[in-house]
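The chain contents come next:
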Amino acid sequence: MSAFTFRRATESDRTYLQRLNYLADVFGDESAELGEDARAGVAPYVDDWSPERDGGVIAFDEHRTPAGGVWLRYWESAGDGHAFIGPDVPEIAIAVENRFAGNQLAVKLLHEAAELAREQGAPQLALWVDPDNERARHRYESFGFSSVEGEDDVMVYGLRG
């Protein structure tokens, strides 16, 4: 199992977030084409992301090579993003480089995202997951996320005991 270090995302990570956004949209299949919806999502999820307002965490392997990351997006109103719960609940996006699959990196990144959101005062985390992506859904449920009633693709995780 690889050893990972984590650091908070900065403006200089925006290009890497673009790569992670791609990996998230194609479920890690780097031979897949980015769909029209995914291309439209680049602006709100990457271009409009702010390290100060939203935040994120980048993981690195022992050679300081990026291994994956998670980033938060705070939305203003319903219709923004894919998983708007409220303006105080960030939606997270997460992706891990394929070569690090099986190292529990996604779980570690979820812990990092939860810690960052707690520091920001958020009551919950939200995320969008494709209803057909059983592997991801299972991972999120195992972590403690639950489906939002009436939404088969939005899940939340409570941050306060």
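Relevant structure appears above.
Residues numbered from 1 in each chain as written. Predicted model: local features only at pLDDT ≥ 70, side-chain atom pairs only at ≥ 80, totals over all residues. Heavy atoms only, no water.

(A) Quick peek at the overall build of the chain. When you go through the chain residue by residue, the secondary structure sums to four helices and seven strands. What you see in the chain, going N to C, is helices and strands ordered as β-α-α-β-β-β-α-β-α-β-β. Whereas a compact globule of 161 residues would reach a radius of gyration of roughly 15 Å, the chain reaches 15 Å, a difference of no more than 12%. Projected onto its principal axes, the C-alpha coordinates of the chain cover approximately 40 × 35 × 30 Å. (Helix = DSSP H or I, 4+ residues; strand = E, 2+ residues; numbered from the N terminus. Rg over C-alpha atoms; globule rule 2.2 N^0.38 Å.)

(B) Layout of the nonpolar core. Core analysis: the biggest nonpolar cluster contains 30 residues, and I92, L105, L109, L125, Y140 and F145 have the highest contact counts within it. Among the secondary structure elements, those contributing two or more residues to this core are β2 (56-60), β3 (66-73), β4 (91-96), α3 (105-120), β5 (124-128), α4 (134-143) and β7 (154-158). Per element, the largest residue contribution to this core is eight residues, and it comes from α3. If sequence neighbours within four positions are ignored, L109 has contacts with F6, V57, A59, G68, G69, V70, I94, A95 and V96. Among the nonpolar cores identified, the runner-up in size contains 18 residues, and Y22, L34, Y45 and A93 belong to it. (Core = buried A, V, L, I, M, F, W, Y, C linked by side-chain atoms within 4.5 Å. Buried < 20%, exposed > 50% of the residue type's maximum accessible area, 1.4 Å probe, protein only. Contact = heavy atoms within 4.5 Å.)

(C) Layout of the environment of D152. Secondary-structure assignment places D152 in the loop between β6 (146-147) and β7. With 90 residues separating them along the chain, D152 and E62 place their C-alpha atoms 38 Å apart. Dropping the residues within four chain positions of it, D152 is found in contact with V129, P131 and R137.

(D) The pairing of β7, seen in detail. Among the five residues that make up β7, four are buried, leaving the element largely enclosed by the rest of the structure. Relative to β7, β5 runs antiparallel, the two being bridged by five bridges. Residue pairing for β7: W128 is matched across the bridge by V154. (Pairing = 2+ DSSP bridges.)

(E) Structural view of the packing of aromatic side chains. Here the structure, examined in full by the defined rule, presents six aromatic pairs. Centre to centre, the rings of F143 and F145 are 6.1 Å apart; their planes meet at 35°, and the pair counts as tilted. Both residues of the pair, F143 and F145, count as buried. Ring pairing ties together the aromatic residues Y140, F143, F145 and Y157, which thus form one cluster. The cationic tip of R73 hangs over the ring face of W75; the distance from NZ or CZ to the ring centre is 4.2 Å. (Phe/Tyr/Trp six-rings, centres within 6.5 Å; stacked < 30°, edge-to-face > 60°. Lys NZ or Arg CZ within 6 Å of the ring centre and 35° of its normal.)

(F) Spotlight on the pattern of salt bridges. Applying the stated criterion to the full structure yields eight salt bridges. The partner of E119 in a salt bridge is R8, with the nearest N and O atoms 3.0 Å apart. Note that E119 is positioned in helix α3 and R8 in strand β1 (residues 5-8), a separation of 111 residues in sequence. Between E97 and R99 there is a salt bridge, with the nearest N and O atoms lying 3.7 Å from each other. Overall, the relative accessible area of 52% leaves R99 in the exposed class. Salt bridges here are not isolated pairs; linked through shared partners, they connect R19, E30, E97 and R99. (Salt bridge = Lys/Arg side-chain N within 4 Å of Asp/Glu carboxyl O.)

(G) Inspection of the environment of G102 at higher detail. Residue position: G102 is located in the loop between β4 and α3. Residue classification places G102 among the exposed residues on the basis of a relative accessible area of 71%. Sequence separation of G102 and P131 is 29 residues, and the distance between their C-alpha atoms is 22 Å.

Take it as geometry only, folks, not as evidence of what the structure does.
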